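A look at the structure
Okay, here's what each chain looks like letter by letter:
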Amino acid sequence: MAKSASTGTRKPWWLLGILVILFSMGSSIAVFYFMDSRGEAHSQVEVQPEPLRGPTPVFVEIKPFTVNVQSRQYEQRLLYVGLSLQVGDEMTRELLQEHMPQVRSRLLTLLSSQHAEDLVTPEGKKVLSSQILALLERPLTDPQPPLAINDVLYTEFIVQ
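Below, the structure is looked at part by part.

The rules we used
- Throughout this document, residue positions are counted from 1 along each chain, in the order its sequence is written.
- Given that the model is predicted, a residue must reach a pLDDT of at least 70 before its local features are reported, and side-chain atom pairs must reach 80 or more before they are shown or counted; all residues, however, enter totals for whole chains, interfaces and linings.
- No hydrogens and no water enter the side-chain calculation; it runs on all heavy atoms of the structure.
- Only centres within 6.5 Å qualify two rings of Phe, Tyr or Trp (six-membered ring in Trp) as a pair; their planes then separate them into stacked at under 30 degrees, edge-to-face at over 60, and tilted for everything else.
- The cut-offs for exposure are 20% and 50% of the maximum accessible area for each residue type, with area from a 1.4 Å probe on protein chains only; residues under the lower value are buried, those over the upper are exposed, and the others partly exposed.
- Residues enter patches when their relative accessible area tops 30% and they take part in no salt bridge; the joining distance is 9 Å for like charges and 5 Å for the nonpolar side chains Val, Leu, Ile, Met, Phe, Trp and Tyr.
- To be clear on the numbers: accessible area is Shrake-Rupley with a 1.4 Å probe, and residue cover counts the displayed protein chains and nothing else.
- What makes a salt bridge here is a side-chain nitrogen of Lys or Arg within 4 Å of a carboxyl oxygen of Asp or Glu, nothing more.
- Per the convention used, a helix needs a DSSP run of H or I reaching at least four residues, while a strand needs a run of E reaching at least two, with both numbered from the N terminus.
- Fitting a line to C-alpha atoms yields each axis, with helices limited to the stretch in contact; the angle taken between N-to-C directions then spans 0 to 180 degrees.
- Here the word oblique covers every angle except those under 35 degrees (roughly parallel), over 145 (roughly antiparallel) and from 65 to 115 (roughly perpendicular).
- Two helices crossing with the near one rotated counterclockwise from the far one by less than a right angle form a left-handed crossing, whereas a clockwise rotation gives a right-handed crossing.
- Any two residues whose heavy atoms approach within 4.5 Å are treated as being in contact.
- Following the grouping adopted for this structure description, the nonpolar residues are Ala, Val, Leu, Ile, Met, Phe, Trp, Tyr, Cys and Pro, the charged ones are Asp, Glu, Lys and Arg, and the polar ones are all others, Gly among them.
- Each residue after the first adds 1.5 Å to the expected span of a helix.
- Pairing between strands requires that DSSP locate at least two bridges from one strand to the other.

Looking now at the packing of aromatic side chains. Following the criterion strictly, the structure yields two aromatic pairs and no others. Ring plane angle 65° and centroid distance 5.6 Å describe the contact between phenylalanine 32 and tyrosine 33, whose orientation is recorded as edge-to-face. By relative accessible area, which is 52% here, phenylalanine 32 ends up exposed. Between the aromatic rings of tyrosine 154 and phenylalanine 157, the centroid separation amounts to 5.1 Å while the plane-to-plane angle is 70°, which identifies the pairing as edge-to-face.

Have a look at this one:
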């Protein structure tokens, strides 16, 4: 009788131990996945590359000026133009600014030889831009390093 009483009161401690171990393992796994998902969210934010920024453009401003232009109807026509040159480096900018009177003189000579009718069209402006670039390829001083002029930009342009 003593045996039956002792087996009835005996609890399965091993089953309780296994449940505690399984519960702690489940909790550990849940915490690991929770922390891992937060780490992935942070790593995705950090991994995204910053937007690419190009180099800062360098411009040389040429003050606006007025010049007489030719006309096919032999009437007086005027061109009021302001330019900016986009250059590739600081050395080119400094050289152009040092020789600005010579640059302006060349531009005035070129612009006075233009026909007003050609300048009012977009194609005429593109042709004029290419002529200005070709004009500035000629050396301003002797010896001169090569100039890096990328583009001619019109800031003001009126033909009357």
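On the surface, a nonpolar cluster with roughly 740 Å² of combined accessible area is contributed by Trp14, Leu15, Ile18, Leu19, Ile21, Leu22 and Met25. By secondary structure assignment, the location of isoleucine 18 is in helix 2 (residues 13-47). Look at isoleucine 18 and you get partly exposed, because its relative accessible area is 41%.

Packing of helix 4 (residues 100-112) against helix 6 (residues 122-137) brings their axes to within 11 Å, and their N-to-C directions diverge by 140°. With respect to their mutual orientation, helix 4 and helix 6 come out oblique. Seen from above, helix 4 lies across helix 6 with right-handed handedness. Taking contact as the criterion, the partners of Val103, Arg106, Leu107, Leu110 and Leu111 in helix 4 are, on helix 6, Leu128, Gln131, Ile132, Leu135 and Leu136.

Turning to the packing of helix 3 (residues 90-98) against helix 4, a few remarks are in order. Running from amino to carboxyl end, helix 3 crosses helix 4 at an angle of 75°, the nearest separation of the two axes being 5 Å. Judged on the interaxial angle alone, helix 4 and helix 3 are roughly perpendicular. Listed contacts from helix 4 to Leu96, Gln97 and Glu98 of helix 3 are Met100, Pro101 and Val103. Here the residues of the contact of helix 3 with helix 4 are counted per class, giving four nonpolar, one polar and one charged.

Quick look at the environment of isoleucine 158 now. Take isoleucine 158: it is sitting in strand 3 (residues 149-159). Here the alpha-carbon distance between isoleucine 158 and valine 120, two residues 38 residues apart in the chain, equals 8.6 Å. Excluding residues within four positions of it along the chain, isoleucine 158 makes contact with Leu78, Leu79 and Tyr80.

To continue, consider helix 4. Here helix 4 is 13 residues long and its end C-alpha atoms lie 18 Å apart, about the 18 Å a rise of 1.5 Å per residue gives. Where helix 4 is buried, its residues meet strand 1 (58-69), strand 2 (77-87), helix 3 and helix 6.

Taken in spatial order, the three strands of this open sheet run 1-2-3, and their pairing is antiparallel. Each of the sheet's edge strands pairs with one partner strand only, and the pair in question is strand 1 and strand 3. Direction aside, neighbouring strands of the sheet carry axes that sit 20° apart on average. Contacting strand 1, strand 2 and strand 3, helix 3 crosses the sheet at an angle of about 35° to strand 1. Relative to the sheet, helix 4 contacts strand 1 and strand 2, its axis offset from that of strand 1 by approximately 45°.

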